[in-house]
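Residue-level structure breakdown
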Amino acid sequence: MQVIHYKKELQNVLFSKENKNHTIGFVPTMGALHKGHLSLVKRAVNDNDLTIVSIFINPTQFDNKEDLEKYPTDLEKDIALLKKVSSKIIIFAPSATEMYDGNITSKEFDFNGLEKVMEGEFRPGHFNGVATIVELLLLAVKPTKAYFGEKDFQQLQIIKKLVELKKLPFQIIACPIERESNGLAKSSRNQRLSKSTREKGGFIFETLKTAKSKFGTENANSITEWVAEKFAANEVFELEYFQIADTETLTPILKKQKNIKYRAFIAAYADGIRLIDNIAL
Ligand code: PAF
């Protein structure tokens, strides 16, 4: 298993004579890998000659210092999990200084409003940090295809926009959400939940599924009110936002229109941990 810590070294391997015509699949992660990440990695391994998995907790995308400090990390465990998928995977685990060439700050981006709603509203600066690091990683790896999970759906749309705006010749592949058996969306943060909260975690997805069934007959306002009431009556999960939005522009909508695809989004807290999920309507 090759673990590389420096961009130059990574590029020497990726762009060597031997790997010259190889397709490269890339899965960027912040480590603490779970089945959701591994499903992206398996897809990358299946689709490409070479697979790179980056493990880098990106400081510039955390709007909350405590969240950054408590973000789970276990490189040895991550390496062991990836080895089970394929021992040919190359792990790229740079330091922040290496990744940012010593200047650990975000660039400012304008994604045509995609960055202003939902996560953008509640986590100021988050998407500037995400876009900054994803651009740096994509330019370091130069993948044929890069894989992102739909759990972070807003992030996915922003990365597609980033690639379009910067004219980066890399294909962005969206992968479905992996869930625990009760429906809780897989996330590295789940391991910080208490056992009992984690067992009750299906509540978020159940609420999304009912919202979906209501979307045929009720308008977005009435569904939003219903979701707020459900959360108010729940002792474990605290709602931050529920939003029905146009899948492409992420603008909030009131009434369903023909030929437009919609998605419902939730952010909630449990045990002080922030969880997000979404569903196609
Ligand atoms: O989704 C994540 O884990 C992170 O936001 C990413 C894409 C690896 C950038 O740090």
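Source: prediction; values computed, not measured. (Residues numbered from 1 in each chain as written. Predicted model: local features only at pLDDT ≥ 70, side-chain atom pairs only at ≥ 80, totals over all residues. Heavy atoms only, no water.)

The periodicity of an α-helix, 3.6 residues per turn, causes residues three or four places apart in sequence to face the same way. Between the first and last C-alpha of helix α8 (residues 153–165) there are 18 Å, a value that for 13 residues agrees with the 18 Å anticipated at 1.5 Å per step. Counting buried residues along α8, 10 of its 13 residues qualify, which places the element largely inside the surrounding structure. Contacts made by the buried residues of α8 are with α6 (119–122), α7 (126–141), β5 (145–149), β6 (171–175), β8 (262–270) and β9 (273–280). Just downstream of α8, Lys 167 is the residue with a positive phi angle, here 50°. (Helix = DSSP H or I, 4+ residues; strand = E, 2+ residues; numbered from the N terminus. Expected span 1.5 Å × (residues − 1). Buried < 20%, exposed > 50% of the residue type's maximum accessible area, 1.4 Å probe, protein only. Contact = heavy atoms within 4.5 Å.)

What follows deals with the sheet that holds strand β7 (residues 238–246). Sheets are built from strands paired through backbone hydrogen bonds, the pairs being either parallel or antiparallel. Taking strand neighbours across the sheet as the criterion, the 3 strands line up as β7-β8-β9 in an open arrangement whose pairing is antiparallel. Two strands close off the open sheet at either side, each with one partner strand: β7 and β9. Each strand of the sheet is rotated relative to its neighbour by a mean of 15°, with strand direction disregarded. Here 8 bridges tie β7 to β8, and the two strands are oriented antiparallel to one another. Residue pairing across strands places Tyr 241 opposite Ala 267, the latter belonging to β8. Where helix α10 (residues 202–214) meets the sheet, its contacts fall on β7, β8 and β9, and the angle it forms with β9 comes to roughly 30°. Packed on one face of the sheet, helix α11 (residues 220–232) meets β7 and β8 and runs near 160° to β7. (Pairing = 2+ DSSP bridges. Axes fitted to C-alpha atoms, helices over the stretch in contact; angles between N-to-C directions.)

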